[in-house]
Amino acid sequence: MRIVKTFLLSSIALFAVAMAASAADKIRVSSFSTILTEIAQQVGGDRVEVTGHVKPGVDPHEFEPKPTDLKTVGDAQLILLSAKHMEGYVGKLKEATGTKGTLVEVGDGFATLKMKSEKDPDKVVDDPHWWHSVANTEKAVKIVRDELIKISPADQQTFTDNAAKYLTTLDGLEKWVKSELAKLPRDKRRLVTSHDAFQYFARENGFTIFAIEGVSSEDQPSSKKVGEIVAAIKTQGVKAIFPRALKIPR
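All of these numbers come straight from a predicted model, not from anything done at the bench. (Residues numbered from 1 in each chain as written. Predicted model: local features only at pLDDT ≥ 70, side-chain atom pairs only at ≥ 80, totals over all residues. Heavy atoms only, no water.)

Colleague: What exactly am I supposed to notice about the overall build of the protein chain here?
Modeller: On a plain count of helices and strands, the protein chain comes out with 8 helices and 9 strands. The buried share among the 250 residues of the protein chain stands at 39%. Taken as a whole, the protein chain presents about 14,900 Å² of accessible surface, with 58% of it coming from carbon and sulfur. (Helix = DSSP H or I, 4+ residues; strand = E, 2+ residues; numbered from the N terminus. Buried < 20%, exposed > 50% of the residue type's maximum accessible area, 1.4 Å probe, protein only. Areas by Shrake-Rupley, 256 points an atom, 1.4 Å probe, with all protein chains shown as cover.)

Structure, rendered in structure tokens:
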């Protein structure tokens, strides 16, 4: 009986050690975009441990990393950012990770659309909302795939297969978008929105945008601009408006 107990305890201990080693072997990823968090999870599969610092429903324009976020970044092997000036705290992240982790500003991997600043109409700024283009998201998948392969070449086939599967899903999404939009005549493609975040979508699908706020959700429109948009809605015959959720004080 004592031999059986000893065997069982030894087996449990070996299993626990194996599980701990398996967790330790996973690539530690810190993501500051909900889109990139999903991409890393889909491409990395069970070979990655992804921490999504910006949670669903949190405005990325307003997010600021806490000390706990910086500590996690300091231990990460791969840090993913939207880039195009979305994260104003890049300096803090670079300081936190030092030279240990690879910091990748994914959005810098493809073309940037420009727009006028709401605060300074004479100033042109980058539009950081690249993920509203399915084509850009597919490019982001390939960037994340390649970065994971650099960190763990032994998992190249796993990451390649996972990325291919996810890209197939995105291809299906793109076809669905095109099919649905084909029902809407091009002269009716006008998009009224509270936050000017859909340029990439509009460029690919032939929409004209009427935005109340500027490139950042923190921008506050003038009463003159609101009046101009109301007039445009009436004259253009816009039939649907899609505002983002409002924050109601409790």
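Colleague: Explain the pairing of strand β7 (residues 190–193) here, please?
Modeller: Walk down a regular strand and you will see the side chains alternate between the two sheet faces. Sheet topology note: the β7/strand β8 (residues 208–211) ladder contains 4 bridges and is parallel. Residue pairing for β8: leucine 191 is matched across the bridge by isoleucine 209. (Pairing = 2+ DSSP bridges.)

Colleague: Which parts of the structure should I look at to understand the pattern of salt bridges?
Modeller: Opposite charge on two side chains permits pairing when their charged atoms draw close. Summed over all chains, the structure comprises 6 salt bridges. For aspartate 146, the salt bridge goes to arginine 145, with nearest N and O atoms at 3.0 Å. Of the residues examined, aspartate 146 reaches a relative accessible area of 34% and is grouped as partly exposed. A salt bridge links lysine 150 to glutamate 147; its shortest N-O distance comes to 3.4 Å. With a gap of 3 residues between them, lysine 150 and glutamate 147 both fall in helix α5 (residues 134–151), about one helical turn apart. (Salt bridge = Lys/Arg side-chain N within 4 Å of Asp/Glu carboxyl O.)

Colleague: Even after reading the chapter, I still don't get unusual backbone geometry, so can you show me in this structure?
Modeller: Most peptide bonds take the trans form, and the phi angle of most residues other than glycine is negative. We note that alanine 83 has phi near 75°; this positive angle belongs to a residue other than glycine. For alanine 83, the location among the structural elements is in the loop between β3 (78–81) and α4 (90–97). Even without a glycine there, the phi angle at histidine 85 is positive, about 70°. Overall, the relative accessible area of 69% leaves histidine 85 in the exposed class.

Colleague: How do you make sense of the nonpolar core when you look at a structure like this?
Modeller: A general feature of soluble globular proteins is that nonpolar side chains tend to end up buried together. The biggest cluster of nonpolar side chains holds 29 residues, and the ones touching the most others in it are Val29, Leu36, Ile39, Leu80, Trp130, Val141 and Leu148. Contributing elements (two or more residues each) for this core: β1 (27–31), α2 (34–44), β2 (48–52), β3, α5 and α6 (156–181). Considering every element that reaches this core, the biggest residue donor is α5, with 6 residues. Setting aside residues up to four positions removed in sequence, leucine 148 forms contacts with Ile27, Val29, Val43, Gly44, Val48, Leu78 and Phe159. Membership of the second largest hydrophobic core comes to 10 residues, among which are Phe63, Val73, Tyr89 and Leu93. (Core = buried A, V, L, I, M, F, W, Y, C linked by side-chain atoms within 4.5 Å. Contact = heavy atoms within 4.5 Å.)

Colleague: Any chance you could explain the sheet that holds β3 here in plain terms?
Modeller: Working definition: the strands of a sheet are paired by backbone hydrogen bonds and lie parallel or antiparallel to each other. As summarised here, the arrangement of the 4 strands in space is β2-β1-β3-β4, forming an open sheet in which the pairing is parallel. Lying at the two open borders of the sheet, with one neighbouring strand each, are β2 and β4 (102–105). For this sheet the average axis-to-axis angle between neighbouring strands, irrespective of direction, equals 20°. Of the strands in this sheet, β1, β2, β3 and β4 touch α5, which is tilted by about 165° from β3. (Axes fitted to C-alpha atoms, helices over the stretch in contact; angles between N-to-C directions.)

Colleague: Hey, could you run me through the confidence of the model for the protein chain in this one?
Modeller: Residues shown with low pLDDT carry predicted positions that ought not to be read at fine detail. The share of residues in the protein chain with pLDDT of 70 or more is 81%, and the mean pLDDT across the chain is 84. In this model residues 13–23 is a low-confidence stretch, pLDDT under 50, and it forms 1 contact with partners more than four residues away in sequence or in other chains. Counting contacts from residues 246–250, a segment whose pLDDT is below 50, to residues more than four positions away or on other chains yields 1 contact. (pLDDT = per-residue confidence, 0-100.)

Colleague: Whenever I open this one, the packing of α5 against α6 confuses me. Can you help?
Modeller: When two helices pack together, their arrangement is given by the angle between the helix axes and the distance between those axes. At their nearest, the axes of α5 and α6 sit 10 Å apart, and the two run at 175° to each other. Relative to α6, the element α5 is oriented roughly antiparallel. Here α5 contributes Val134, Thr137, Glu138, Val141, Lys142, Arg145, Leu148 and Ile149 to the contact with α6, which in turn contributes Gln156, Phe159, Thr160, Ala163, Tyr166, Leu167, Leu170, Asp171, Leu173 and Glu174. When the residues that make up the contact of α5 with α6 are grouped by side-chain class, the tally is 10 nonpolar, 3 polar and 5 charged. (Parallel < 35°, antiparallel > 145°, perpendicular 65-115°, else oblique. Nonpolar A, V, L, I, M, F, W, Y, C, P; charged D, E, K, R; others polar.)

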